[in-house]
Amino acid sequence: MTDPSSLRVAMIGHAFMGNAHSQAWRTAPHFFDLPLRPEMAVLVGHDTDRAAQAAARLGWAESSADWREVIARDDVDLVDICTPGDTHAEIAVAALRAGKHVLCEKPLANTVAEAEEMTTAAEEARAHGVRAMVGFTYRRVPAIGLARALVEDGRIGDVRHVRAQYLQDWIADPEAPLSWRLDRSRAGSGALGDIGAHIVDLTQYVTGDRITELAGRLETFVKERPYAAGDTAGSLGGGGTTTERGPVTVDDAASFLATFSSGAMGVFEATRFATGRKNAIRIEVNGSLGSLAFDFEDMNVLQYFDAREDAEHAGFRRILATEAGHPYVAAWWPPGHGLGYEHGFTHQVVDLVNAIAAGEDPVPSFADGLQVQRVLAAVETSSDTRTWQEIPR
Ligand SMILES: NC(=O)c1ccc[n+]([C@@H]2O[C@H](COP(=O)([O-])OP(=O)(O)OC[C@H]3O[C@@H](n4cnc5c(N)ncnc54)[C@H](O)[C@@H]3O)[C@@H](O)[C@H]2O)c1
C-alpha cells in the first residue's frame, strides 16, 4: 500500500528531459504548497550502471533498467516518460493499463495511430480515476499564461493573425552528427514534431482556438551526416568510432499556412537551420483590438499593444511577467527577479499534482496531444502532395 498523501513517481529516461523533469520533481514541493507529496521513487534507463549513477546524481531513491518491471510495481503511482517518441505509445499504454497516472513528453507519439491508441487508453483509464497529460511545457511560462488570460479577457478582440516561429540552429553545420532526432524511426519527424509541435500547441492554447486546415512544406537541407563517435548504422547509441555517414530521414525545417476555426490566418515556421537563433519561440497574435508578442529568448516579457489607445501615445508595452499576480510567479522571487527554462517543468509538475489530487483531468490531455499529432501529419501529407489538408476533428 502506498501512503495516500504521497505520489510515488517512476521516471523513464535520464538525459535532457530526465534532468529537467528531475529538477521539477525535486523543486516543486519546496516552492509550491502541494496537496500530495511527490516522491522520486525509481529512475529507469537502458543500462543498469548508468541508471544507478543518474539516480544518485538526480535524487531518485532507486533505479532500474526495466521499465516493464517498474510499471508492474504496486508502489508506483505515476510514470513520467522522458524517452524518444518511438517508445511513448508502448510505455504510456502499459502504464495506464496498470493504473498509473502518466506524464508523457511531447510530441505525444510518432504517428497518429499511436496517438489514437494512447488517447483511447487514457480515456479508459480516466474511468478509474487515472490521469494522463502530455508535456507541452511552454504553456507554463508565466508570460504565455498572461497572453492566454489577455485573449480570454477580450483584450485583443477577435484574433485575425497568428504568427509562430520556433527557430534553432544546432544542426546548421552539415558536419553535426546524426542522432535519434534525425532518424524517422525513432523521432517520427524532425523539426516539425520536435519543435513545430510546441508552436502548434502554444498558438492553440493562447488563442483558445484550433487549426482546421493547412498547407505545408518540409525540407531536408543536409541529407547525409557523419555518425557520432561511438555510433554506427542501426545503433545510434553504441559501438566503435566510425567515419561512416548515414542518411537524415527527417525534415530539417517545416513551414505551413493555417486557418483557425475562427477564420484567423496562421503562418508557422520550425527550423533547426536559423543560424544565430538558439531557442527562439516567437508567437505574435494580432486581434481587432490589439496584439501580443512573445519570444522565448526574452521569456519573462510579454509585448502587448492596445489598439484602443490614442495613436499619439499607443505603442507596444513591454510587460515584465514577474509580478506576483502573474501565473505561477507568487511562489518564486520578487518582481524583476526572472524565471528560466527549468521553471516551466516545475509548473508542469505542480499543475499535474494539483489535478490528480482534485480528481480532475490535467491539460494538455492526450486528446490534445492527438490533435497536435493530426496537425503534424497534415503538414507531412500536404508537403508530399502539394495540397491543402483539413484537420479531422
Ligand atoms: N518539453 C520540452 O520542451 C522537450 C524538450 C526536449 C525534448 N522533449 C521530448 O522529450 C523526449 C526525450 O527527449 P530528450 O531530449 O530527453 O532525449 P535524450 O536523448 O536526451 O534522452 C533520452 C533518454 O531516454 C532513454 N531511453 C531511450 N529508450 C529507452 C528505453 N527503452 N528504456 C529506458 N530508457 C530509454 C535514454 O537512455 C536517455 O536517457 C522526446 O519525446 C522529446 O521530444 C521535450
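Please refer to the structure placed before this passage.
Source: prediction; values computed, not measured.

Q: Outline the sheet that holds strand E12 (residues 265-271), listing residues and values.
A: Taken together, nine strands build an open sheet; the order of strands is E16-E15-E14-E13-E7-E12-E11-E8-E17 and the sheet is mixed. Of all strands in the sheet, those bounded by a partner on one side alone are strand E16 (317-320) and strand E17 (389-390). Where strand E13 (residues 280-287) meets strand E14 (residues 290-295), five bridges bridge the pair, whose relative direction is antiparallel. Opposite Arg282, over in E14, you have Asp295 as the bridge partner. Packed on one face of the sheet, helix H6 (residues 142-152) meets E14, strand E15 (301-306) and E16 and runs near 25° to E15.

Q: Describe the environment of Asp295, and please don't skip the residues or the numbers.
A: Looking at where Asp295 falls in the secondary structure, it is placed in strand E14. Setting aside residues no more than four positions away along its own chain, Asp295 makes contact with Ala280, Ile281 and Arg282. Separated by 2.9 Å, the side chain of Asp295 and the backbone nitrogen of Glu297 make a polar contact.

Q: Before we move on, could you go through the state of the cysteines and cite the residues and values that matter?
A: Within the structure shown, the criterion is met by zero disulfides. With no disulfide of its own, Cys82 lies closest to Cys104 among cysteine sulfurs, the gap being 8.8 Å. According to the relative accessible area criterion, Cys82 is buried, its value standing at 11%. Here Cys104 falls in the buried class, since its relative accessible area comes to 0%.

Q: Account for the sheet that holds strand E6 (residues 132-135), naming residues and giving values.
A: Strand order in the open sheet made by the six strands is E3-E2-E1-E4-E5-E6, with parallel pairing throughout. Of all strands in the sheet, those bounded by a partner on one side alone are strand E3 (62-64) and E6. Recorded for the sheet is a direction-independent mean angle of 25° between the axes of neighbouring strands. Of the strand pairs in this sheet, strand E1 (residues 6-12) and strand E2 (residues 37-44) are connected by seven bridges, and their pairing is parallel. Bridging from a neighbouring strand, Leu7 pairs with Pro38 of E2. Strand contacts of helix H9 (residues 341-358): E1, E2, strand E4 (78-81), strand E5 (101-105) and E6, with the helix running at about 155° to E5, the strand carrying the most contacts.

Q: Can you explain the nonpolar core? Please cite residues and give values.
A: Grouped together as the largest cluster of nonpolar side chains are 80 residues, with contacts concentrated most on Ile211 and Phe366. If one sorts the elements of this core by residue count, helix H8 (residues 191-207) sits on top with eight residues. Filtering out sequence-adjacent residues up to four positions away, Phe366 remains in contact with Ala92, Leu96, Val102, Cys104, Leu108, Met118, Thr119, Ala122, Ala132, Met133 and Val134. Residues Leu36, Val350, Leu352 and Ile356 belong to the second largest nonpolar core, which totals 29 residues.

Q: Please provide a residue-by-residue account of a nonpolar patch on the surface, values included.
A: Taken together, the side chains of Leu257, Val267 and Trp388 define a hydrophobic patch exposed on the protein surface, amounting to about 300 Å² of accessible area. Mapped onto the secondary structure, Trp388 falls in the loop between helix H10 (366-385) and E17. You can call Trp388 partly exposed: its relative accessible area is 47%.

Q: Break down the packing of aromatic side chains for me, with residues and values.
A: Two aromatic rings, taken as a pair, are described by how far apart their centres are and by the angle between their planes. A full pass over the atoms with the stated rule returns 14 aromatic pairs. For the pair Phe16 and Tyr341, a centre-to-centre distance of 6.2 Å together with 20° between the ring planes defines the contact as stacked. Residue Phe16 is located in helix H1 (residues 16-31), and its partner Tyr341 is located in helix H9; the two are separated by 325 residues in the primary sequence. Judged by centre distance (5.7 Å) and plane angle (75°), the ring pair of Phe32 and Trp332 falls under edge-to-face. Remark: Trp332 occurs in the loop between E16 and H9 and Phe32 occurs in the loop between H1 and E2; sequence separation between them is 300 residues. Each member of the pair, Phe32 as well as Trp332, carries the same accessibility label: buried.

Q: Tell me about the side chain of Thr27, and please be specific about residues and values.
A: Summarising the element assignment, Thr27 is placed in helix H1. With relative accessibility at 15%, the residue Thr27 sits in the buried group. Within the structure, the side chain of Thr27 is placed 2.6 Å from the backbone oxygen of Gln23, a separation counted as a polar contact.

Calculation rules
Residues numbered from 1 in each chain as written. Predicted model: local features only at pLDDT ≥ 70, side-chain atom pairs only at ≥ 80, totals over all residues. Heavy atoms only, no water. Pairing = 2+ DSSP bridges. Helix = DSSP H or I, 4+ residues; strand = E, 2+ residues; numbered from the N terminus. Contact = heavy atoms within 4.5 Å. Axes fitted to C-alpha atoms, helices over the stretch in contact; angles between N-to-C directions. Polar contact = N/O pair within 3.5 Å; in protein donor to acceptor, adjacent residues only side chain to side chain. Disulfide = S-S within 2.5 Å. Buried < 20%, exposed > 50% of the residue type's maximum accessible area, 1.4 Å probe, protein only. Core = buried A, V, L, I, M, F, W, Y, C linked by side-chain atoms within 4.5 Å. Patch = residues over 30% accessible without salt bridge, like charges linked within 9 Å, V, L, I, M, F, W, Y side chains within 5 Å. Areas by Shrake-Rupley, 256 points an atom, 1.4 Å probe, with all protein chains shown as cover. Salt bridge = Lys/Arg side-chain N within 4 Å of Asp/Glu carboxyl O. Phe/Tyr/Trp six-rings, centres within 6.5 Å; stacked < 30°, edge-to-face > 60°.

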